[in-house]
Amino acid sequence: MDIQLKRGLLDVCVLASIKDEDSYGYKIIKDMKPYLELSESTLYTILKRLENAKMLTVRTAEHEGRLRKYYHITEPGLKRIEEFKEDWKEIMAVYRFISKEDNVNE
């Protein structure tokens, strides 16, 4: 898969994982696991990129005597998810166009 496309998909997946409630790194990975594998190093790179882009905010809170970072989606992050949904319609149209040759040859 094209690295830029994959990067964009992963960014939106992370945003979607915190859309309904704030979350933390381990839980994000756990929530995404049924759909895709994501390493901690990849996740934290994505989270930092999304924070720099103002698509999420971070707060630190104590949990069982340890500090934990919680991530919260912002309005630009929610907007990015909606933009992705619109983009996906176009991507699927292109996919159907490319795949039609496969259907003809079967």
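Figured I'd write up the structure that's included with this text. (Residues numbered from 1 in each chain as written. Predicted model: local features only at pLDDT ≥ 70, side-chain atom pairs only at ≥ 80, totals over all residues. Heavy atoms only, no water.)

1. A look at a nonpolar patch on the surface
So, step 1. On the surface, Met1, Leu5, Trp88 and Ile91 cluster together into a nonpolar patch covering about 410 Å² of accessible area.
So, step 2. Among the structural elements, Met1 can be located in the segment before helix 1 (3-17).
So, step 3. For Met1, a relative accessible area of 71% puts it in the exposed group. (Patch = residues over 30% accessible without salt bridge, like charges linked within 9 Å, V, L, I, M, F, W, Y side chains within 5 Å. Areas by Shrake-Rupley, 256 points an atom, 1.4 Å probe, with all protein chains shown as cover. Salt bridge = Lys/Arg side-chain N within 4 Å of Asp/Glu carboxyl O. Helix = DSSP H or I, 4+ residues; strand = E, 2+ residues; numbered from the N terminus. Buried < 20%, exposed > 50% of the residue type's maximum accessible area, 1.4 Å probe, protein only.)

2. Description of the layout of surface pockets
So, step 1. The computed volume of the largest pocket comes to approximately 350 Å³.
So, step 2. As for the largest pocket, its lining consists of 15 residues, and the residues nearest its centre are Tyr24, Tyr44, Leu67, Arg68 and Lys69.
So, step 3. Taken together, the elements giving at least two residues each to the lining of the largest pocket come down to helix 2 (25-32), helix 3 (40-52), strand 1 (56-63) and strand 2 (66-73).
So, step 4. Of the residues forming the lining of the largest pocket, the biggest block, five residues, is contributed by strand 2.
So, step 5. The residue inventory of the lining of the largest pocket, partitioned by class, reads seven nonpolar, two polar and six charged.
So, step 6. Considered as a void within the structure, the second largest pocket measures approximately 180 Å³ in volume.
So, step 7. Lining the second largest pocket are Leu9, Val12, Cys13, Ser17, Asp31, Met32, Tyr35, Leu36, Phe84 and Trp88.
So, step 8. Counting only elements with at least two residues in the lining of the second largest pocket, the list comes to helix 1, helix 2 and helix 4 (75-105).
So, step 9. It is helix 1 that provides the largest number of residues to the lining of the second largest pocket, a total of four residues.
So, step 10. Considered class by class, the residues forming the lining of the second largest pocket number eight nonpolar, one polar and one charged. (1 Å grid on protein atoms, 1.4 Å probe; cavity = no way out; pocket = protein on both sides within 12 Å on 5 of 7 lines; lining within 4 Å. Points joined across faces, edges and corners; volume = space filled by probe spheres on them. Nonpolar A, V, L, I, M, F, W, Y, C, P; charged D, E, K, R; others polar.)

3. A short note on the packing of aromatic side chains
So, step 1. Per the stated rule, a full pass over the model turns up two aromatic pairs.
So, step 2. A cation over a ring is seen here: Arg68 above Tyr24, with NZ or CZ 3.6 Å from the ring centre. (Phe/Tyr/Trp six-rings, centres within 6.5 Å; stacked < 30°, edge-to-face > 60°. Lys NZ or Arg CZ within 6 Å of the ring centre and 35° of its normal.)

4. Observations regarding the side chain of Ser23
So, step 1. Mapped onto the fold, Ser23 is located in the loop between helix 1 and helix 2.
So, step 2. Accessibility expressed as a relative area gives 3% for Ser23, which makes it buried.
So, step 3. Leaving out residues up to four positions away in the same chain, Ser23 has contacts with Ile18, Ile28, Lys69, Tyr70 and Tyr71. (Contact = heavy atoms within 4.5 Å.)

5. Structural notes on the packing of helix 2 against helix 3
So, step 1. Running from N to C, helix 2 and helix 3 cross one another at 110°; their axes reach a closest spacing of 10 Å. Accordingly, the angle class assigned to the pair helix 2 and helix 3 is roughly perpendicular. In this structure, helix 2 meets helix 3 at a crossing whose hand is right-handed. Residues Gly25, Tyr26, Ile28 and Ile29 of helix 2 lie in contact with helix 3, whose contacting residues are Glu40, Leu43, Tyr44 and Leu47.
So, step 2. Partitioning the contact of helix 2 with helix 3 into residue classes produces six nonpolar, one polar and one charged. (Axes fitted to C-alpha atoms, helices over the stretch in contact; angles between N-to-C directions. Parallel < 35°, antiparallel > 145°, perpendicular 65-115°, else oblique. Left-handed = near helix turned anticlockwise from the far one by under 90°.)

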